[in-house]
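What follows is the residue order along each chain.
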Amino acid sequence: MRAHPIRRTVLTCVATVSVTTLALALKPHSQPVTAGPQAPSSSQSPSVPGGTGSGTGSGSATGQRTLTGETVQTRYGPVQVEITVDGAKITAARAVKTPSGDRRSQDIASSSIPTLVQETLDAQSARIDTVSGATYTSEGYMTSLQSALDQARG
């Protein structure tokens, strides 16, 4: 028995509208590029200021410091970030605590943390995008990262 042509047309239209709506609702992964230099706003996440001395971790004569952010409890487990700064530049970042309550949380953390670390090094601030599928881990990472950056300022 053949399906009615009208039914097929209606289903095709509904599917097209649904796919188009989903495509338009997706947030782009990166921020749009703007022309010209931008001055950082004081209300935005700060970059790391220069200076010498020791934070909560180790330091050297060149101003290299290792700072550990607060532990942030997420829905799937704790997240804590450690950064190394040299003067005004974040030279390294790593997650010292990641969600590990179950295998899925471990898998999500192991695939999202390298992306978050790379975005931290690229952005030189806590203003980074969340990783799709790892929203809670991303938000915990950003909060802990901001805590470490606040220590660098203080």
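Residues numbered from 1 in each chain as written. Predicted model: local features only at pLDDT ≥ 70, side-chain atom pairs only at ≥ 80, totals over all residues. Heavy atoms only, no water.

A few words on the overall build of the chain. When helices and strands are counted, the chain shows three helices and four strands. Helices (α) and strands (β) of the chain occur, in sequence order from the N terminus, as α-β-β-β-β-α-α. Taken across its 154 residues, the chain has 31% of its residues classed as buried. Taking all contacts inside the chain whose residues are at least 6 apart in sequence as the whole, residues at least 24 apart take part in 48%. On the chain, roughly 9,800 Å² of surface is accessible, and the fraction owed to carbon and sulfur atoms is 56%. (Helix = DSSP H or I, 4+ residues; strand = E, 2+ residues; numbered from the N terminus. Buried < 20%, exposed > 50% of the residue type's maximum accessible area, 1.4 Å probe, protein only. Contact = heavy atoms within 4.5 Å. Areas by Shrake-Rupley, 256 points an atom, 1.4 Å probe, with all protein chains shown as cover.)

Note that T137 resides in helix α3 (residues 135-153). If we skip the residues at most four places from it in the chain, T137 touches V79, P99, I108, S112, I113 and L116.

Relative to the 30 Å expected for 21 residues at 1.5 Å per residue, helix α2 (residues 103-123) spans 30 Å between its end C-alpha atoms, a close match to the ideal helical length. Each element contacted by the buried residues of α2 is listed here: β4 (89-97) and α3. Its side-chain oxygen 3.2 Å from the backbone nitrogen of R104, D102 forms the N-cap of α2. In the stretch just after α2, Q124 is the one whose phi turns positive, near 60 degrees. (Expected span 1.5 Å × (residues − 1). Polar contact = N/O pair within 3.5 Å; in protein donor to acceptor, adjacent residues only side chain to side chain.)

Bringing the nonpolar core into the picture now. Core analysis: the largest hydrophobic core is formed by 21 residues, its most contacted members being L67, I83, I113, L116, Y141, L145 and L149. Among the elements that make up this core, the one with the highest residue count is α3 (six residues). Aside from chain neighbours lying at most four places away, what touches I83 is R65, T66, L67, I90, A92, A93, L145, A148 and L149. (Core = buried A, V, L, I, M, F, W, Y, C linked by side-chain atoms within 4.5 Å.)

Moving on: the pattern of salt bridges. Following the criterion strictly, the structure yields three salt bridges and no others. Close ionic contact of R153 with D150 constitutes a salt bridge, the shortest N to O distance being 3.7 Å. Of the two residues, R153 and D150 both sit in helix α3, three residues apart, roughly one turn of that helix. A relative accessible area of 52% means that R153 is categorised as exposed. (Salt bridge = Lys/Arg side-chain N within 4 Å of Asp/Glu carboxyl O.)

In this model α3 runs 27 Å from its N-terminal to its C-terminal C-alpha over 19 residues, within 8% of the 27 Å that 1.5 Å per residue would give. In this structure, the buried residues of α3 make contact with β1 (64-68), β2 (72-74), β3 (77-86), β4 and α2.

A contiguous nonpolar surface patch, about 290 Å² in accessible area, is contributed by I6, V10 and V14. By the secondary structure assignment, V14 is in helix α1 (residues 5-25). (Patch = residues over 30% accessible without salt bridge, like charges linked within 9 Å, V, L, I, M, F, W, Y side chains within 5 Å.)

Turning to the confidence of the model for the chain, a few remarks are in order. In the predicted model, the chain carries a mean pLDDT of 76, and the fraction of residues at 70 or more is 71%. Every residue in residues 27-61 scores below 50 in pLDDT, and together they form 52 contacts with partners more than four places removed in sequence or on other chains. (pLDDT = per-residue confidence, 0-100.)

Our next topic: unusual backbone geometry. One non-glycine residue, Q124, lies in positive phi territory at about 60 degrees. When you line up the elements, Q124 lands in the loop between α2 and α3.

Here we take up the side chain of S138. Tracing the backbone through its elements, the reader meets S138 in helix α3. A distance of 2.9 Å separates a polar atom in the side chain of S138 from the backbone nitrogen of V131. Beyond its immediate sequence surroundings of up to four residues, S138 is in contact with L116, T130 and V131.

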